[in-house]
Amino acid sequence: MKWNSIRTKVLAALVACLVVGAGCILALMRYSFERNSQVLAAESVTGSQKLFTILETREISKMTAVSEALITNPQVRDAFAARDRTRLLELTAPLYLSFKKQGITNWMFHSPEPDMTVFLRLHNPPKFGDRLNRFMDKEAVRTHAMVAGNELAKAGFAVRILRPFYDSQGKVTGYVEFGEELGQFMHAMKNQTGNDYGLLLSKKYMDRQFWADSSAVWKRRDNWDDNPGFVVADKTTASDRIIRFDGDLTAVPGQGKVLERFQEGNSVFVRGIFPIHDAAGNTVGAMFVMRDISSFYLAMRRTANVLVILTVAALALGILLVLTLLTRLVFRRLEHITVVATRVVGGDYEAEIQVTSDDEVGQFERLFEQFRRVFIDLTTHVPELQEKG
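Residues numbered from 1 in each chain as written. Predicted model: local features only at pLDDT ≥ 70, side-chain atom pairs only at ≥ 80, totals over all residues. Heavy atoms only, no water.

Enquirer: How should the sheet that holds strand E8 (residues 257–264) be read in this particular structure?
Expert: Strand pairing in a sheet relies on backbone hydrogen bonds. The paired strands run either parallel or antiparallel. Taken together, the five strands give an open sheet; going across it, the order is E7-E6-E10-E9-E8, and neighbouring strands pair in antiparallel fashion. This sheet does not close on itself; its edge strands, each paired only once, are strand E7 (230–235) and E8. The average angle at which neighbouring strand axes cross in this sheet is 25°, direction not considered. Note that E8 and strand E9 (residues 267–277) share seven bridges and pair antiparallel. When the bridges of E9 are listed, glutamate 260 appears paired with arginine 271. (Pairing = 2+ DSSP bridges. Helix = DSSP H or I, 4+ residues; strand = E, 2+ residues; numbered from the N terminus. Axes fitted to C-alpha atoms, helices over the stretch in contact; angles between N-to-C directions.)

Enquirer: Explain the pattern of salt bridges to me, please; I cannot follow it from the model alone.
Expert: Two side chains bearing opposite charge may form a pair once their charged atoms approach each other closely. As enumerated under the stated definition, the model contains 16 salt bridges in all. Where aspartate 137 meets arginine 134, a salt bridge forms, and the shortest distance between an N and an O atom there is 3.1 Å. As far as burial versus exposure is concerned, aspartate 137 and arginine 134 are alike and both buried. A salt bridge links glutamate 177 to arginine 160; the shortest N-O distance between them is 2.8 Å. Separated by 17 residues along the polypeptide, glutamate 177 in strand E5 (residues 172–181) and arginine 160 in strand E4 (residues 157–166) bring together distant segments of the chain. Each member of the salt-bridge network shares a partner with another, and the members are Arg58, Glu59, Lys62 and Glu180. (Salt bridge = Lys/Arg side-chain N within 4 Å of Asp/Glu carboxyl O. Buried < 20%, exposed > 50% of the residue type's maximum accessible area, 1.4 Å probe, protein only.)

Enquirer: Would you explain the sheet that holds strand E3 (residues 147–152) in this entry?
Expert: Taken together, the five strands give an open sheet; going across it, the order is E2-E1-E5-E4-E3, and neighbouring strands pair in antiparallel fashion. Only two strands of the sheet have a single partner each, and these edge strands are strand E2 (118–121) and E3. Ignoring strand direction, the axes of neighbouring strands in this sheet form an average angle of 25°. Of the strand pairs in this sheet, E4 and E5 are connected by nine bridges, and their pairing is antiparallel. Pairing of valine 159 across the sheet is with glutamate 180, part of E5. Docked against the sheet, helix H4 (residues 135–143) engages strand E1 (106–110), E3, E4 and E5, running at close to 160° with respect to E3. (Contact = heavy atoms within 4.5 Å.)

Below, the structure is given as structure tokens:
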């Protein structure tokens, strides 16, 4: 094959088209994967945020029902009114074990105002007498009504209710509080969605000693010093990749955002984050969402491979058809003209060019045949012209 021939140039152009076509398919599939992975990550963040709100509402309803039953119990009411901590613990400790199985991890009795100190912690009985001075405490004192919402206390973050406790005369004798750690939410969310979650809490709203004490109570590692600005309250996976974060938790937009796509081994994940607010509206932490999109990635890659193979096959078939047509319609006829011209120059005046079509090459064949006849006529009259000269 001659490198300067039209056939070679046409073949090179067609091969280039094949390569460009396959490259465009790969680029399109890559763009599609990037876009779809972003959509999946955004859906995970939005869906998890909505699910969190639903679970929060459900748990508040459950704790409200539990508190209704408790404040109508005369024995508990009288023991609290008499400030008999031992009797109150004796009456409520068995109930706490039952409630704990239902997810209620915090249960406290608070003394009435103006002190509003912790009278009894069912989840940590030896610790009492401290004043929490939280937003929900102040709201309950101000309104003498039930207050519900998320609250980041010194020892951790939980969805809570706080409501007044009355004696037999209808006088406020204190307050009762129930709470469920958000770690419980994450595991429930994982069971429903299959995603993994991690909860970060800002140290700004927490107390170092309370965190250490609560870590001992819940038998978890004290991880206060792992990060400068936040603590990892809980996570649903052993991987630390889910909670890697260098930004400001308070700067996370209210609707959440997609962070990144990354790969670990043969698995591909997308990661997002949404803020966690307390009852006062402060951004006190953030929930990370990690979704495994490996199956989607593999499906996209298989689709890309199939499309590339089909594209290459189709373009190769197209190249073969184009070359076949060019050979029959152009190259073979041009070769015939070349052969005839060579024979005429060699003295074979009988060779003729047969016009096989009325296309562009056919017009050239006709023109060349006319030129051949003129050439032969001139050649045959050369001796006569020489004699006359």
